[in-house]
Amino acid sequence: MMNVLAFIPYFWGNEGFSYDPTRQYMFGWYHITMLVLMFLLFIVLWFLGKKINNKNRYLRIIALVLLILETLRVANFHYVYNYTWFESIAFHMCSWGVYFTVTAGLFQKRILFEIAAIPAVVGGITSIIIPHGILPYFNDFAFMAVQSNISHLLMFFVIIYAVKTRIWKLKLKRFWVSATSISITIVITHLINLYKESIGDYSNYFWTRYPDSRFPVIGEWSYPYHTLVLSLGIILLGFIFYLISEIVINKKKIR
């Protein structure tokens, strides 16, 4: 019991955390451990999804779990870090992916999946592979680190599962909807950054205000071109996802 009680402040309150700028996070032991765990979680969810007859209900359950995890994340920021409720709601690209994916998973409309596709698939998988936005700021296996990895995995899973089960009938010719949606989302994100700056609550979601030196992937890029390159990059990766998905779907039709 004492061990459990001692674990709670470590897990929920990030107690005892000390930032170490010299630590190797990219493919360090902890990063590799989380990669393996997320891969296994995906396999388990996929296996369960194949066994369950009601695919639509299963997808809604996953979306609800994702919503609960995000709600707990907001609560953690508010109660542990003393953020206001508004400050606790994030507008990172992956946060948009969570909001869009929950909506798509619950209501299962084509346009909702198209809006969610790029931030969920691209943001979901890249944030697990490139851990600098998550791991350096929390205890190993603290709530925020674990929740973030699971949430990124779940939003990726929802889109892939929806395509596989044909809940979402993906069409390459409708990629323009996803590309337009993500472009609008980036503009809205920048406006939120500017608004929060104007009220003294600084934020740099999707790094639209400046390249973040703490994030080595873009730390040396030049403003404002870094945002343009990131935006085009995420749209290109989204197009590749659409293209590969349609190729796989067409091959299955031929068979």
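Below: a short report on this structure. (Residues numbered from 1 in each chain as written. Predicted model: local features only at pLDDT ≥ 70, side-chain atom pairs only at ≥ 80, totals over all residues. Heavy atoms only, no water.)

**Focus: the packing of helix α6 (residues 110–129) against helix α8 (residues 175–198)**
- The interhelical angle for the contact between α6 and α8, taken along N-to-C directions, is 60°, at an axis separation of 8 Å. The orientation of α6 with respect to α8, classified from their angle, is oblique. Regarding α6 and α8, the two cross each other, and that crossing is right-handed. Of the residues in α8, those touching α6 at Ile111, Glu114, Ile115, Ala117, Ile118 and Pro119 are Phe175, Val177, Ser178, Ala179, Ser181 and Ile182.
- Here the residues of the contact of α6 with α8 sort into 9 nonpolar, 2 polar and 1 charged. (Axes fitted to C-alpha atoms, helices over the stretch in contact; angles between N-to-C directions. Helix = DSSP H or I, 4+ residues; strand = E, 2+ residues; numbered from the N terminus. Parallel < 35°, antiparallel > 145°, perpendicular 65-115°, else oblique. Left-handed = near helix turned anticlockwise from the far one by under 90°. Contact = heavy atoms within 4.5 Å. Nonpolar A, V, L, I, M, F, W, Y, C, P; charged D, E, K, R; others polar.)

**Digging into the side chain of threonine 189**
- On the secondary structure map, threonine 189 appears in helix α8.
- A relative accessible area of 0% means that threonine 189 is categorised as buried.
- For threonine 189, the contacting residues outside a window of four places in its chain are Phe91, Trp96, Tyr205 and Phe206. (Buried < 20%, exposed > 50% of the residue type's maximum accessible area, 1.4 Å probe, protein only.)

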